[in-house]
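Below are the chains, spelled out letter by letter.
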Amino acid sequence: MVQFSLDFAHLLAGGLVLISFMLLYQDRMFGLLNVFALHAVVLSLSVSWQAYVQDAPHLYITAAIALGLKAILIPIALHRVVVRLGIHREIETVGGIGLTMLAGMGLVALSMVVMLRVTGAADPLAREDLAFALSVILLGLLMMVTRRNAVSQIIGFMSLENGLILAATGAKGMPLVVEISVAFSVLVALIVIGVFLFRIRERFDSVDIEALDEVRGDRS
Amino acid sequence: MALHLAQWCILALAFVAIGAVVAPSSPRTIRTFYAACAAISIVVLALAARHLLTQAPAETSRLPIGLPWIGARLRIDAISAFFQLIVNFGGFAASLYAIGYGVDEESPKRVLPFYAIFLAGMNLVLIADDAFTFLASWEFMSLSSWALVVSRHRDRENVQAGYVYLLMAAFGTFALLLVFGLLAGADGHYGFSAMRSASHASGLAGAAMVLALVATGSKAGLAPLHVWLPLAHPAAPSHVSALMSGVMTKVAIYGFVRIVFDLLGQPAWWWGLVVLAIGGATATLGVLYAMFERDLKRMLAYSTVENVGVVFVGLGLALAFKTNGMGSAAALAFTAAVFHALNHSLFKSLLFFGAGAVLHGTGERDIEKLGGLIHTMPQTAFVFLGGCLAISALPPLNGFASEWLLFQGILLSPDVPQWGLKLAIPAIGALLALAAALAGACFVRAYGVAFLGRPRSECASGAHEVDLFSRGAMFLLLAACVLTGILPGLVIDAAAPVTIAAVGESMPRQVSQSWLNIVPIAASRSSYNGLLVMAFIAFTTIVAVRAIHKFASDRLRRAPAWDCGFPNADPATQYTAASFAQPIGRVFGETVFRTREKVDMPAPGALRPARLVLSMRDPIWDAIYARIHGAVDYVSGRLNVLQFLTIRLYLSLVFAVLIALLLAVSIWT
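Residues numbered from 1 in each chain as written. Chains lettered and ligands numbered in written order. Predicted model: local features only at pLDDT ≥ 70, side-chain atom pairs only at ≥ 80, totals over all residues. Heavy atoms only, no water.

## Concerning unusual backbone geometry
What you tend to see is this: most non-glycine residues have negative phi, and most peptide bonds are trans.
Residues and elements named next belong to chain B.
Thinking step 1. With an omega of 0 degrees, the peptide bond between alanine 223 and proline 224 qualifies as cis.
Thinking step 2. Its location among the elements puts proline 224 in the loop between helix H8 (202-220) and helix H9 (229-235).
Thinking step 3. Of note, the amide linkage connecting proline 395 to proline 396 takes the cis form, showing an omega dihedral of 5 degrees.
Thinking step 4. Take proline 396: it is sitting in the loop between helix H15 (378-391) and helix H16 (398-411).
Thinking step 5. Of note, glutamine 55 is a non-glycine position whose phi angle comes to about 50 degrees, a positive value.
Thinking step 6. Non-glycine residue alanine 393 carries a positive phi angle of around 60 degrees.
Thinking step 7. Along the polypeptide, alanine 393 turns up in the loop between H15 and H16. (Helix = DSSP H or I, 4+ residues; strand = E, 2+ residues; numbered from the N terminus.)

## Considering the packing of helix H10 (residues 238-263) of chain B against helix H12 (residues 296-323) of chain B
Helix-helix packing is described using two parameters, namely the angle between the two axes and the distance between the axes.
All names here are of chain B.
Thinking step 1. Where H10 contacts H12, the two axes come as close as 11 Å, and the packing angle between them is 15 degrees. On the basis of the axis angle, H10 is roughly parallel to H12. For H10 against H12, the interelement crossing comes out right-handed. Mapping the contact onto sequence places Ser238, Ser241, Ser245, Thr249, Ile253, Phe256, Val257, Val260 and Phe261 in H10 and Lys297, Ala301, Thr304, Val308, Val311, Phe312, Leu315, Ala318, Leu319 and Lys322 in H12.
Thinking step 2. Here the residues of the contact of H10 with H12 sort into 12 nonpolar, five polar and two charged. (Axes fitted to C-alpha atoms, helices over the stretch in contact; angles between N-to-C directions. Parallel < 35°, antiparallel > 145°, perpendicular 65-115°, else oblique. Left-handed = near helix turned anticlockwise from the far one by under 90°. Contact = heavy atoms within 4.5 Å. Nonpolar A, V, L, I, M, F, W, Y, C, P; charged D, E, K, R; others polar.)

## Description of the confidence of the model for chain A
Low-pLDDT portions of the prediction should not be read for the details of their coordinates.
Thinking step 1. For chain A, mean pLDDT is 80; residues scoring 70 or higher make up 77% of the total.
Thinking step 2. When pLDDT is averaged over each element of chain A, helix H2 (residues 29-54) of chain A comes out on top at 89 and helix H8 (residues 210-215) of chain A at the bottom at 64. (pLDDT = per-residue confidence, 0-100.)

## Comments concerning the packing of aromatic side chains
Thinking step 1. This model, assessed by the stated rule, comprises 28 aromatic pairs over all chains.
Thinking step 2. Centroid distance tyrosine 97 of chain B to tyrosine 101 of chain B: 5.0 Å. Interplanar angle 25 degrees. Geometry classified as stacked. With tyrosine 97 of chain B and tyrosine 101 of chain B both in helix H3 (residues 78-101) and four residues apart, the pair spans about one turn of that helix. For the pair formed by tyrosine 97 of chain B and tyrosine 101 of chain B, the shared burial category is buried.
Thinking step 3. An angle of 40 degrees between the planes, with centres 5.5 Å apart, marks the rings of tryptophan 404 of chain B and tyrosine 528 of chain B as tilted. A residue pair is termed long-range when its members are at least 10 positions apart, and tryptophan 404 of chain B in helix H16 and tyrosine 528 of chain B in the loop between helix H21 (496-503) and helix H22 (530-551) qualify at 124 residues. Tyrosine 528 of chain B shares its class with tryptophan 404 of chain B; the two are buried.
Thinking step 4. Each residue in the set Phe4, Phe8, Trp49 and Tyr52 of chain A is aromatic and connected to the rest through ring pairs, giving one cluster. (Phe/Tyr/Trp six-rings, centres within 6.5 Å; stacked < 30°, edge-to-face > 60°. Buried < 20%, exposed > 50% of the residue type's maximum accessible area, 1.4 Å probe, protein only.)

## Describing the pattern of salt bridges
All names here are of chain B.
Thinking step 1. Enumeration over the complete set of coordinates arrives at 11 salt bridges over all chains.
Thinking step 2. Residues aspartate 295 and arginine 365 are paired through a salt bridge, measuring 2.8 Å at the closest nitrogen-oxygen approach. Of this pair, aspartate 295 sits in the loop between helix H11 (269-291) and H12 while arginine 365 is found in the loop between helix H13 (327-362) and helix H14 (373-376), placing the two residues 70 residues apart along the sequence.
Thinking step 3. On the basis of relative accessibility, which here comes to 14%, the residue aspartate 295 falls in the buried class.
Thinking step 4. Here the salt bridges do not stand alone but share partners, grouping Arg75, Asp77, Arg196, Arg258 and Asp262 into one network. (Salt bridge = Lys/Arg side-chain N within 4 Å of Asp/Glu carboxyl O.)

Following this line, the structure appears as structure tokens:
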């Protein structure tokens, strides 16, 4: 049973990493949002499996929040934003998919090396979970760096946050308060960013963040 | 008892500061507040004197303020008490002077609150007994004095001086923080008692000594960290200049004594060499700067640099002797150092008060525009002369007594076993002798140009004498200079417990010597009697004056023969300060300051005047500060690009740093 629970946890965490890779090469908005919703579903599965294995019922709440907020509410909200901004037909140029994927693989390898070496004494369940979580975080960052569209950057940021939750639930005994506050902060961030998106759009007729740099008065 | 009352006095000073903020700024309230500062200083002074003279044991206490669970530890011992004596006598005199002088300040509320906090901070440094309290009160002292420096903030120069001062003070405190970090060790014992009893590894203790020298030297004005001193000291109002120059530098010296002599334990032999070399260089350089300075107050600040160098030579000598177990020689050198510190606080305060009086009477600090003040300000001229004599180390005044003791210590250097020290100490003695001679020339120049001759400008001829309180403060300090000069034995005996605390032994008891002699080691070697010298000088002077009057003056007639070559000439034909400094400038200036003289002669028949242009460079500024400035400028110019990146580039930078750190973790195990 122990072996099985470990394997299943690894399967789910590994699935999360895989979906992060899928996020990297999506060049259409709706596709990106759908994959992100999948990301959140797998996260909530992983968290509920942890709740079951660790016998920690409060983690079910975390899983529910992840499912409700990130898999349903936020994708739907962003969906409507994309439609209203009228960018759902745009194809985003992601510079060099092959190169990005290679960099992503390097990041996963790096996080494995770092985590497996550093957490030698930790519980094996938490250990590899942490390695996967770090991979998800790094891939989220990589996505933020490579994308130019503000909506895709939000998605990158949220997938990064998913990695954080994965790391936190893998370690035993994360208080529910922390999780709820994290969830709220993400929600607030979403609202703020959403408002800003429309403001940016009003001003510059574009949500391409490069447009912001062009009008900055203090460029030398 | 003494410690308890000292705490209350510091609290009272804090209340004075608060009161000064809320009270209306009428001349009467300002006088009252300065009088309160004077009264508090005199109470602490009396306590400290009692502590020293009764040779009371050290007292400690712990206040429940400051860091949680640690509190503030306070302690008063002989070293603290002696420096309390210096600080509070200076504080008393400055407050007395300010009762008259401080009223005419254009915005007294910018000065008075910080003045009280400044006094409180200095007193608190002296009784602090743990690193945190020491650093906090040290910062109180620095910041309040900074506020005093920029109190006349409308003058651009003052703001700039304040900026340089703030930088140097921050640098010094940072070094001090590192010293305490090293001393506290891995367990973090921040109390001085724990540091004192711990045994420090030799390398660590050496590093702590060097850092302590840098930290306290930056506050006291050791070269090359002295650059802020001639800028900041003159910028403050004169009674504060006197406190900063005469007293705050002594608190810095106290910091050095406390850390190196008390906390670090047995010194290594090279410590003495380092301190001696820096002290000797500082003394010579300081007086050379002073020699060429036109601004009266700035010249006094440079002279402070010189005297701090002299004190550090004494301390270095004491370290050198202490390493080799030469107890009585170490006691002699240490006594000379603290005695000179006391003396310097007396005559430097006096001279700054005099400069303040001149500034008040004439509105002018440039000595080339003064002259003939002895007629308009006779009393100030008299006390200023006394201060000049004392600082030039002329017997029978106090400057001579302490420098004589110091040279007695230098004469003992052949007994030191290390060859480095054996060769270095006489060389530094020669530097010190040079500095003493140049200091004499420097003050002859200052006094001669400012007070003698004929007025060189309108403001000098319209000078007026200062008020009663200011003159009272100056006469008080002059009396103290004379008393410590003719009875140095009393001071040496009072410093005996300090010497025991610092180097383990003390000089022979002086009061029991016959005829009030002072005897450094043994009567057969050498001795000095200030009273006798004073009596001899007084006697010969009276005889000479009477003889001249009897045989010469009576037969003298005033007649305008050739009138020394310039009848009714312009005052500008007088010998100027620059002319006085020129020969010395030709000897030392070319190597030290790279002076260049350029004579600009008009063509024959042209009507314009000939000019002599003298250009000087500050070697330390060029060698160190200008380079640091250039490097910071270059680096910030390069990094400026970082302010104008795109959002994505910023994100990429963060990402790259994260990856680099992770790589470092994975490679480094």
